[in-house]
Amino acid sequence: MRLYDISLKGLRRRLGRMLLLLLSLATAVATLVTLVTITRSMNHSVAHRMDEFGANIVIVPQASDLAVSYGGITVGSAAYDVGVLMLADLEPIGSIRNARNVSVLAPKLVSAVSLESREVLMAGVIFPDEIRLKQWWQVHGAYPVGATDAPVATLGGHRAMAQMEAGVSGADQAVLGSRLAHELGLAPGDMLVVEGRNLQIVGVLEENGSQDDQILFVDLTLAQQIAHRPGEINLVEIAALCSDCPVEELVRQISEVLPQGRVTAVRQAVTLRAETVDQLTRFAVVVSAVVTLIGGLIVLTTMLGAVTERRHEIGLFRALGFRRAHIERVILGEALVISLAGGIVGWAAGMGVVALLRPTIDELAMTSPWDPALALAALGGTLVVGLAGSLYPALRAAALDPVTALRAL
Amino acid sequence: MIELCDVTKTYNPQGAPVHALYQANLRVNEGEFAAIVGPSGSGKSTLLSVIGAMNPPTQGSMLVDGIDVYSLSVEKQADFRHEYLGFVFQQLQLLPYLTALENVLLGLAIARMRRADKVQRAREVLARVGLAGKEDRLPGELSGGEQGRVAVGRALVNEPPLILADEPTGNLDSNTGVQILTLLQELNAAGHTVLMVTHDAQATTYAQRIIPILDGRLVDGDHDITKNENPAINGNGKR
Ligand SMILES: Nc1ncnc2c1ncn2[C@@H]1O[C@H](COP(=O)(O)OP(=O)(O)OP(=O)(O)O)[C@@H](O)[C@H]1O
Ligand SMILES: [Mg+2]
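Report follows, based on the coordinates. All residue numbers refer to positions counted from 1 along the written sequence of the respective chain. Chains carry letters from A onward and ligands carry numbers from 1 onward, assigned in written order. Local features in this predicted model are restricted to residues of pLDDT 70 or higher, and side-chain atom pairs are both shown and tallied only at a pLDDT of 80 or more, whereas totals for entire chains, interfaces and linings draw on every residue. Derived side-chain values reflect all non-hydrogen atoms in the structure, with water molecules and hydrogen atoms excluded from consideration.

Side note on the interface of chain B and chain A
Part 1 of the argument: Counting residues at the interface gives 28 residues for chain B, matched by 25 residues for chain A.
Part 2 of the argument: Computed with a 1.4 Å rolling probe, the buried area is the accessible surface lost when two parts are put together, summed over both parts. Taking both sides of the interface into account, the surface hidden between chain B and chain A amounts to around 2500 Å²; carbon and sulfur atoms contribute 61%.
Part 3 of the argument: A pair is scored as a salt bridge if a Lys or Arg side-chain nitrogen falls within 4 Å of a carboxyl oxygen belonging to Asp or Glu. Here glutamate 102 of chain B and lysine 9 of chain A are joined by a salt bridge, their closest N and O atoms 2.5 Å apart.
Part 4 of the argument: Polar contacts, as counted here, are pairs of nitrogen or oxygen atoms within 3.5 Å of one another; within protein the pair requires one atom able to donate a hydrogen and one able to accept it, and residues that are adjacent in sequence qualify only if both atoms are side-chain atoms. Counting across the chain B and chain A interface gives eight residue pairs in polar contact (both at pLDDT 80 or more).
Part 5 of the argument: Elements supplying a minimum of two residues to the side of chain B that touches chain A: helix 2 (74-84), helix 3 (100-106) and helix 4 (115-128) of chain B.
Part 6 of the argument: For the side of chain B that touches chain A, the element with the highest residue contribution is helix 2 of chain B, accounting for seven residues.
Part 7 of the argument: Tallied by class, the residues present in the side of chain B that touches chain A amount to 14 nonpolar, six polar and eight charged. The contact criterion used throughout is that any non-hydrogen atoms of two residues lie within 4.5 Å. To qualify as a helix, a DSSP run of H or I must reach at least 4 residues; to qualify as a strand, a run of E must reach at least 2; elements of each kind are numbered from the N terminus. Each residue is assigned to one class: nonpolar for Ala, Val, Leu, Ile, Met, Phe, Trp, Tyr, Cys and Pro, charged for Asp, Glu, Lys and Arg, and polar for all the others, Gly among them.

Structure representation (structure tokens):
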């Protein structure tokens, strides 16, 4: 018989109520674990896959006034450009203050070409950058040679320059949007003549519902040659990772170094999503605080009740020579056992809920929810709440006057 | 061993004050078996709890082996109870959900001993109070007299010099009461000082000394009944 045995015996004696307390704590922990796991995976996916959602900044030439629409974005007229934007002009973007927030920079030259007596849009792109920007692209066949080279680490500007100097491999290869390929009856491996140049179709994009379905993608340099507009671009799409800076600020910085371009922020899905996730996170924090508080209060009232119920027994312990500290240890020992059990059960239940939700919440499926730090935090948090809630009852118990307590029969 | 100097204990000092003890002076010597005798409400339990280091007097002091117990810190007072005192309470105060052995072990819960030694000691004590073989019974499975013996066993297990018993026979029929009194007498013979509260005339015959109390005062007539001429009482007491 030691203090710890007394704690355990005391728990066994009031098993029903203690199980109820355990259940309350476990419910609180399960709620927190679920909320934290979901919001964390959402935040994680928003922050790390921002570029998957495409561009959030576009640049078009300043002087364009006639319109061709591309991807919902009004771009300079394909046929009647007045002002010009050169690929080389993009280089200063590499030295703006928030340059490291620019994750993809995809310049292109969009122009109209006639193909089998019909007008189609041809986009000259730097394939590695374009593919990185449009991670949702699926290709039948292949991308042009070199298109899936090492991901672009430096800014598109630098890379584009380097590419121009080195000369591009796969230069005469093209990728078609699915609808265009269907309408023209073309498949990977077929040849195509554009403005007198023979192009080999290496890939057809899977239909994705965007304007890309209608477009002929070729290498930027080739498009510039075909359009007789060497070095020129008329659209730049930028994916900027901006969880810590407003997009508007990036727009301002780019506009400063690129006076000949019109820089616009595009409010795209991911921004909205980020805001939703932010709100969800704030909500989760509030709920967590409330749940923690309620958990603590339940511990407090249950343990206070237990102390009142046992004051007689506690008086006996004091008469037998238990110090106040011993009484505190008995009460806190019980709280420790309950909290540990509640923490473990709650964590397991929370992970169970997460596993159940996994198929319905994309973000959960993308990240692994098994985080030992979360398990430790759940256990530690429950311990802290359980012990904090039991502290006052323990002090009350220790302060009981043995004579009064023993008289109270 | 124990010396009370002008001890007054007043309850409800603000409202209508009750002097449960009033200027009590008392000396209990080592090896004595003394009975505090008085009518209900006379302050017997109060006196016992003051001596038991659980109830600080309003005035006066209590010395145990020359040490003023109530000048010690609360925790030291608790240590004093653990090392010096064994309590047998009027209502016995056995925990109903613990076995006889576990109830006795409660007296050793905070002792610095190995677990096996504690169990060994508790078993010995239970055997000594005549409960060998009933270690694993719950109090509810024991007779009133057996429960009383478990309570005595618990008071005894840390081998205290002084045993304080508050009406140990209060709830028992005279037969089982006699068993407990005999047990206390044996413990006294084995060297424990025993201080017992009772209002039972039969019980007083087991003590060597009677300390009458009335309205909180230790009245004259404190006498050693071993020197009593009445052979009938003497004979009973020496049984
Ligand atoms: N905690 C308390 N608060 C107020 N008054 C008390 C308290 N404890 C005892 N008293 C009063 O002090 C007086 C002595 O009480 P005590 O319990 O010492 O008497 P007793 O001799 O043990 O009586 P009994 O034989 O009935 O047990 C009584 O009048 C009682 O009402
Ligand atoms: Mg009494």
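There's more to say after this.
Some details on the site of ligand 1
Part 1 of the argument: If you check the shell around ligand 1, you find 13 residues, and the closest are Ser40, Gly41, Lys44, Ser45 and Thr46 of chain B.
Part 2 of the argument: Surrounding ligand 1 are residues belonging to chains A and B, so the site spans chains.
Part 3 of the argument: Within the contact set of ligand 1, an oxygen atom lies 2.8 Å away from a backbone nitrogen or oxygen of glycine 41 of chain B.
Part 4 of the argument: Between ligand 1 and glycine 43 of chain B there is a distance of 3.0 Å, counted from an oxygen atom to a backbone nitrogen or oxygen.
Part 5 of the argument: Only the protein chains shown count as cover for residues, with accessible areas throughout obtained via the Shrake-Rupley method and a probe of 1.4 Å. Within the complex, 71% of the 630 Å² of free accessible area of ligand 1 lies under protein.
Part 6 of the argument: At the level of elements, strand 2 (18-28) and helix 1 (44-51) of chain B are the ones that each hand at least two residues to the shell around ligand 1.
Part 7 of the argument: Broken down by element, the residue count for the shell around ligand 1 peaks at three residues, all from helix 1 of chain B.
Part 8 of the argument: When grouped by side-chain class, the residues that make up the shell around ligand 1 number four nonpolar, six polar and three charged. Residues are classed as near a molecule or strand on a simple rule: at least one heavy atom within 4 Å of it.

Describing the packing of helix 1 (residues 3-13) of chain A against helix 10 (residues 324-357) of chain A
Residues and elements named next belong to chain A.
Part 1 of the argument: Axis geometry follows a simple rule: fit a line to the C-alpha atoms, using only the stretch in contact for helices, then measure angles between N-to-C directions, giving values from 0 to 180 degrees. At their nearest, the axes of helix 1 and helix 10 sit 8 Å apart, and the two run at 55° to each other. With respect to their mutual orientation, helix 1 and helix 10 come out oblique. Crossing geometry of helix 1 relative to helix 10 is assigned as right-handed. Residue-level contacts link Leu3, Ile6, Ser7, Leu8, Gly10 and Leu11 of helix 1 to His326, Arg329, Val330, Gly333, Glu334, Val337 and Ile338 of helix 10.
Part 2 of the argument: Taken together, the residues that form the contact of helix 1 with helix 10 break down as seven nonpolar, four polar and two charged. Oblique is the label for every angle not falling under 35 degrees (roughly parallel), over 145 degrees (roughly antiparallel), or within 65 to 115 degrees (roughly perpendicular). Take the far helix as the reference: if the near one is turned anticlockwise from it by less than a right angle, the crossing is left-handed, and if turned clockwise, right-handed.

Examining the pattern of salt bridges
Part 1 of the argument: A complete count under the given rule lists 24 salt bridges over all chains for this structure.
Part 2 of the argument: In this structure, the salt-bridge partner of lysine 134 of chain A is glutamate 237 of chain A, at a minimum N-O distance of 3.6 Å. Here glutamate 237 of chain A lies in strand 13 (residues 235-240) and lysine 134 of chain A lies in the loop between helix 3 (127-133) and strand 7 (139-141), a separation of 103 residues in the sequence.
Part 3 of the argument: A simple rule labels every residue: compare its accessible area, found with a 1.4 Å probe on the protein chains alone, to the largest value its type can have, and call it buried under 20%, exposed over 50%, or partly exposed in between. In this structure lysine 134 of chain A comes out as buried when scored by relative accessible area, which is 5%.
Part 4 of the argument: The partner of arginine 323 of chain A in a salt bridge is aspartate 79 of chain B, with the nearest N and O atoms 2.4 Å apart. Taken as a pair, arginine 323 of chain A in the loop between helix 9 (311-319) and helix 10 and aspartate 79 of chain B in helix 2 lie in two separate chains rather than in one.

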